[in-house]
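Here is how the chains run, residue by residue.
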Amino acid sequence: MTYWKYINYVLAVPFLSVFLFMILRSIKNNQIARQIRNDGVYVNGTITAVVPGAPTTNGLVNITVDYFFVDNSGAIVSKEKVLTVVKTMDLDKYQVGATIPVIYLRVDSAKHILKETKGILEK
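Described in the following lines is the structure provided in the data block. (Residues numbered from 1 in each chain as written. Predicted model: local features only at pLDDT ≥ 70, side-chain atom pairs only at ≥ 80, totals over all residues. Heavy atoms only, no water.)

1. Section: the overall build of the protein chain
Moving on, step 1. Check the secondary structure of the protein chain and you find 1 helix and 7 strands.
Moving on, step 2. Seen in sequence order, the protein chain has helices and strands lined up from the N terminus as α-β-β-β-β-β-β-β.
Moving on, step 3. Taking 123 residues into account, the globule formula puts the C-alpha radius of gyration at 14 Å, and the protein chain, at 20 Å, lies well above it.
Moving on, step 4. For the protein chain, buried positions account for 25% of its 123 residues.
Moving on, step 5. The long-range share in the protein chain, meaning contacts at least 24 apart out of those at least 6 apart in sequence, stands at 58%.
Moving on, step 6. Carbon together with sulfur atoms contributes 61% to the accessible area of the protein chain, which is approximately 8700 Å² in total. (Helix = DSSP H or I, 4+ residues; strand = E, 2+ residues; numbered from the N terminus. Rg over C-alpha atoms; globule rule 2.2 N^0.38 Å. Buried < 20%, exposed > 50% of the residue type's maximum accessible area, 1.4 Å probe, protein only. Contact = heavy atoms within 4.5 Å. Areas by Shrake-Rupley, 256 points an atom, 1.4 Å probe, with all protein chains shown as cover.)

2. Some details on unusual backbone geometry
Moving on, step 1. Within the chain, K81 stands out as a residue other than glycine whose phi angle is a positive 55°.
Moving on, step 2. One can find K81 in strand β3 (residues 76–87).
Moving on, step 3. K81 gets classed as exposed once you look at its relative accessible area, which sits at 67%.

3. Observations concerning the environment of L60
Moving on, step 1. Inspection of the secondary structure assignment puts L60 in strand β2 (residues 60–70).
Moving on, step 2. With a relative accessible area of 23%, L60 lands in the partly exposed category.
Moving on, step 3. Every residue in contact with L60, bar those within four places of it in the chain, is listed here: P55, V85, V86, K87, T88 and I120.

4. A closer look at the nonpolar core
Moving on, step 1. Membership of the largest hydrophobic core comes to 17 residues, with the highest contact counts inside it found for Y67, F69, I100 and V102.
Moving on, step 2. Elements supplying a minimum of two residues to this core: β1 (40–55), β2, β3 and β4 (99–105).
Moving on, step 3. If you look at the next biggest cluster of nonpolar residues, it comprises 5 residues, including A33, I103, L105 and I113. (Core = buried A, V, L, I, M, F, W, Y, C linked by side-chain atoms within 4.5 Å.)

5. Brief notes about the pattern of salt bridges
Pairing between side chains of opposite charge can happen when the charged atoms of each approach one another.
Moving on, step 1. Scanning the entire structure with this criterion turns up 2 salt bridges.
Moving on, step 2. We note a salt bridge from D39 to R106, for which the minimum N-O separation is 3.0 Å. Taken together, the positions of D39 in the loop between α1 (7–38) and β1 and R106 in the loop between β4 and β5 (112–114) put the pair 67 residues apart, joining distant regions of the chain.
Moving on, step 3. As a salt-bridge pair, K93 and D90 come within 3.5 Å of each other at their nearest N and O atoms. (Salt bridge = Lys/Arg side-chain N within 4 Å of Asp/Glu carboxyl O.)

6. Description of the pairing of β3
Moving on, step 1. As paired elements, β2 and β3 share 10 bridges and run antiparallel to each other. Residue L60 lies in a different strand from β3, and its bridge partner there is K87.
Moving on, step 2. Count of turn residues in the β2/β3 antiparallel hairpin: 5 residues, of which G74 carries a positive phi of about 95°. (Pairing = 2+ DSSP bridges.)

7. Here's the deal with the layout of surface pockets
A water-sized probe rolled over the atoms picks out the places where empty space is left.
Moving on, step 1. Reported here for the largest pocket is a volume of approximately 230 Å³.
Moving on, step 2. As for the largest pocket, its lining consists of 15 residues, and the residues nearest its centre are K79, V82, H112, I113 and L114.
Moving on, step 3. Elements that contribute at least two residues to the lining of the largest pocket include exactly α1, β3 and β5.
Moving on, step 4. In terms of residue class, the lining of the largest pocket is made up of 9 nonpolar, 2 polar and 4 charged. (1 Å grid on protein atoms, 1.4 Å probe; cavity = no way out; pocket = protein on both sides within 12 Å on 5 of 7 lines; lining within 4 Å. Points joined across faces, edges and corners; volume = space filled by probe spheres on them. Nonpolar A, V, L, I, M, F, W, Y, C, P; charged D, E, K, R; others polar.)

Below is the structure:
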């Protein structure tokens with residue numbers, strides 16, 4: 001029964017490993033986004049699907065967007081289920097077929113982000 005005193009360590013290891021994984025993933029994603037903003041190509045993508053969330057009291061709403069764009073080499077690049085924030089007043093501008101600003105990495109168009117200003121999608 002002496003193994004019960006180690007149960008705290010055994011239970012803590014999965015939680016710490018998930019927490020560490022989330023921190024490392026966040027650091028990696030921030031480095032990629034910084035690299036895209038430094039050496040990026042600005043294009044307009046086309047929205048293929050929009051799912052709005054519930055609006056907040058400060059006039060913002062989370063939307064999930066599917067979009068595609070054509071890079072400089074002519075390849076079509078698409079991304080699904082991108083969560084972003086827009087103003088509630090601008091929600092009608094984000095319909096299927098509308099354009100959306102995208103920045104992609106000059107050397108690898110598979111790495112791309114939506115153009116945002118202060119956490120709000122810029123239109």
